[in-house]
Amino acid sequence: MGGVSTERSAALFDRARRVSPGGVNSPVRAFKAVGGTPRFMEQGEGAWLTDVDGNRYVDFVGSWGPMLLGHAHPAVIDAVQQAVSRGTSFGTPAEPEVRLAEAIVDRTSAEEVRLVSSGTEATMSALRLARGFTGRDRVVKFAGCYHGHVDALLAEAGSGIVTLGIPGTPGVPAHVTADTIVLPYNDVAAVEAAFAEYGQDIACIITEAAPGNMGLVPPLPGFNAALSRIAHEHGALLISDEVMTGFRAARSGHWELDGKVEGWAPDLVTFGKVMGGGFPAAAFGGRREIMEQLAPAGPVYQAGTLSGNPVATTAGLTTLELATPELYENLLATSHEVRRLVSDALTAAGVTHQIQAAGTMFSVMWGVEDAVTDFAGAQRQDTAAFAAFFTSMLDQGVYLPPSAFETWFVSAAHDEEALSTLAAALPTAAAAAARAVDGRP
Ligand SMILES: *Cc1c(COP(=O)(O)O)cnc(C)c1O
């Protein structure tokens, strides 16, 4: 500590800012919520990242979810190297994409899938398919749920409970979000009210299977089942966005923890992150009857030059093949251990917090007394306490998501050494958080 050099990261960030907006290719990487210099990583191995100044970090971001096995898993690297040597893209069907689709269909509720290159593309396409299938335009989404940067889903709630969505960013025309109804999460009555008013025009409800983009806010028991029921009562579809939770919260995704147990399935589902094994691969899938409406089987158009890319699908397939039930048992145990260590340290330092989880995923809600159930609750967090904690952890070699509204990710490579590095850093960081709560420097 004290001797953490960030000279090379800072120099690269200066160069980056000259040639790209904000110096990054995705906003949260810029550390705006926490301050300081974003670290330019050079290498990943297992649970560890090394930056360009030679600093090592235990990684709790995992590339925002994909690195289920840890960085540079030898079997994935080997499979990818072999795939690359056979050619990187053919623009034809190829065997790896069939095997990946089979692996996904095998362990999830989807009967058929279409492979794409990003989670955004998956949700955008699922939305189009739901509209095409139902012949309706309106869509219900929940405040605080992120579904990628799809125009129609970058919407904020209007002033009433059931109002038309207003654009959440410049560049999205008001008419594009006018068909988006934004409701508070975990509020069945609000969903009932929206369907009472607009039911005949609603194509679908889209929801994160367990929201992880406002911090982790698990669905209340029965919430997802209620969404399925209400949608079906009105001839609409339920799209479950499992881009983050798929093959991560549990082996089949979050559905394994609710729908599979309760006996219902979403009509459409989206995947990404883990299923690409660190490469750009994602998917949307669902009931055969709906999926068969997609071109070339049906009339709803969707396509992609690099969709089902042989290198990306090989990485994803190898990752899923190694993701055994035992791996998830260990991942869950690691996740519990990390949560316990963090919670104990914060409690000892007198920092009010909640740890919220869905399967192996979790996040810390800072400065809140009760469980957070929606976006309004998540926004009441003490972000200053988090920023102080984050900066101290970073200085001590622990890399956390640089925002209080993000989920923490563990990998199968988080071992004793990784956890003891975390444990050693926690008291100092918790004390820094406590000082920030008190408004002291
Ligand atoms: C990450 C994410 C997306 C977007 O995926 P990208 O690959 O970043 O486009 C969509 N939905 C959820 C729930 C996500 O977490």
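Conventions we followed
Residues numbered from 1 in each chain as written. Predicted model: local features only at pLDDT ≥ 70, side-chain atom pairs only at ≥ 80, totals over all residues. Heavy atoms only, no water. UniProt positions renumbered as here; feature names shortened; annotations may be inferred. Pairing = 2+ DSSP bridges. Helix = DSSP H or I, 4+ residues; strand = E, 2+ residues; numbered from the N terminus. Buried < 20%, exposed > 50% of the residue type's maximum accessible area, 1.4 Å probe, protein only. Near = heavy atom within 4 Å. Polar contact = N/O pair within 3.5 Å; in protein donor to acceptor, adjacent residues only side chain to side chain. Nonpolar A, V, L, I, M, F, W, Y, C, P; charged D, E, K, R; others polar. Axes fitted to C-alpha atoms, helices over the stretch in contact; angles between N-to-C directions. Parallel < 35°, antiparallel > 145°, perpendicular 65-115°, else oblique. Contact = heavy atoms within 4.5 Å. Phe/Tyr/Trp six-rings, centres within 6.5 Å; stacked < 30°, edge-to-face > 60°. Domains from an automatic or database assignment. Buried area = accessible area lost by both parts, 1.4 Å probe.

The protein has the name Glutamate-1-semialdehyde 2,1-aminomutase in an unreviewed UniProt entry, where Aeromicrobium phragmitis is given as its organism. UniProt, in its Cofactor (unreviewed entry) section for the protein, records the words "pyridoxal 5'-phosphate". Under the Subunit (unreviewed entry) heading, UniProt states for the protein: "Homodimer."

1. Side note on the sheet that holds strand β1 (residues 41–45)
Pairing is mixed across the open sheet formed by four strands, whose spatial order is β1-β2-β3-β15. At either end of the open sheet lies a strand with only one pairing partner, and these are β1 and β15 (398–399). Judged from the two bridges that link them, strand β3 (residues 56–59) and β15 form a sheet pairing that is parallel. Considered in β15, the bridge of Val 58 is made with Val 398.

2. Examining helix α7 (residues 223–233)
By the burial criterion, the buried members of α7 are Phe 223, Asn 224, Ala 226, Leu 227, Ser 228, Ile 230 and Ala 231. Taken from the residues just after α7, Gly 235 is the one with a positive phi, measuring 70°.

3. Section: the site of the ligand
Ser 118, Gly 119, Thr 120, Tyr 146, His 147, Gly 148, Glu 208, Asn 213, Asp 241, Val 243, Met 244 and Lys 273 make up every residue found near the ligand. Backbone polar atom of Gly 119 to an oxygen atom of the ligand: 2.8 Å apart, as the coordinates give it. Per-class residue counts for the shell around the ligand are three nonpolar, six polar and three charged.

4. So, the pairing of strand β9 (residues 202–208)
Within a regular strand, side chains alternate between the sheet's two faces. The buried fraction of β9 amounts to seven of the seven residues, a majority that puts the element mostly inside the structure. Note that strand β5 (residues 138–142) and β9 share three bridges and pair parallel. In the sheet register, Arg 138 faces β9, and the bridge partner there is Ile 202. Strand direction decides the pairing type here: β9 and strand β10 (residues 237–241), joined by five bridges, are parallel. Across the sheet, the residue bridging to Thr 207 is Ser 240, located in β10.

5. Section: the packing of helix α6 (residues 188–198) against α7
At a closest axis distance of 10 Å, the pairing of α6 and α7 adopts a crossing angle of 10°. When the axes of α6 and α7 are compared, the pair comes out roughly parallel. Here α6 contributes Val 188, Val 191, Glu 192 and Phe 195 to the contact with α7, which in turn contributes Phe 223, Ala 226, Leu 227, Arg 229, Ile 230 and Ala 231. Within the contact of α6 with α7, the residues separate by chemical class into eight nonpolar, no polar and two charged.

6. Some details on the packing of aromatic side chains
Aromatic rings in a pair are described by how distant their centres are and how their planes are angled relative to each other. Inspection of the entire model under this criterion finds 13 aromatic pairs. Considering the side-chain rings of Tyr 57 and Tyr 399, the 5.9 Å spacing of their centres and the 70° angle between planes classify their relative orientation as edge-to-face. With Tyr 57 in strand β3 and Tyr 399 in strand β15, the pair connects residues that are 342 residues apart, well separated along the chain. You can call Tyr 399 buried: its relative accessible area is 12%. Measuring from ring centre to ring centre gives 6.1 Å for Phe 60 and Trp 408, while their planes differ by 50°; the resulting arrangement is tilted.

7. Examining the UniProt feature "modified residue: N6-(pyridoxal phosphate)lysine" (unreviewed entry) in the protein
When the UniProt feature table is mapped to this numbering, "modified residue: N6-(pyridoxal phosphate)lysine" (unreviewed entry) covers Lys 273. By secondary structure assignment, the location of Lys 273 is in the loop between β11 (268–271) and β12 (282–286). With residues up to four places along the chain from it excluded, the contact list for Lys 273 reads Trp 64, Pro 66, Val 243, Met 244 and Ala 281.

8. Some remarks on the domain arrangement of the protein
Annotation of the protein at the domain level lists domain 1 (7–60 + 325–438) and domain 2 (74–322). Taking only C-alpha atoms, the centre of domain 1 and the centre of domain 2 are 26 Å apart. Domain 1 puts 24 residues into the contact, and the matching count from domain 2 is 23 residues. For the pair domain 1 and domain 2, the summed buried surface comes to about 1800 Å²; carbon and sulfur atoms form 63% of the total.

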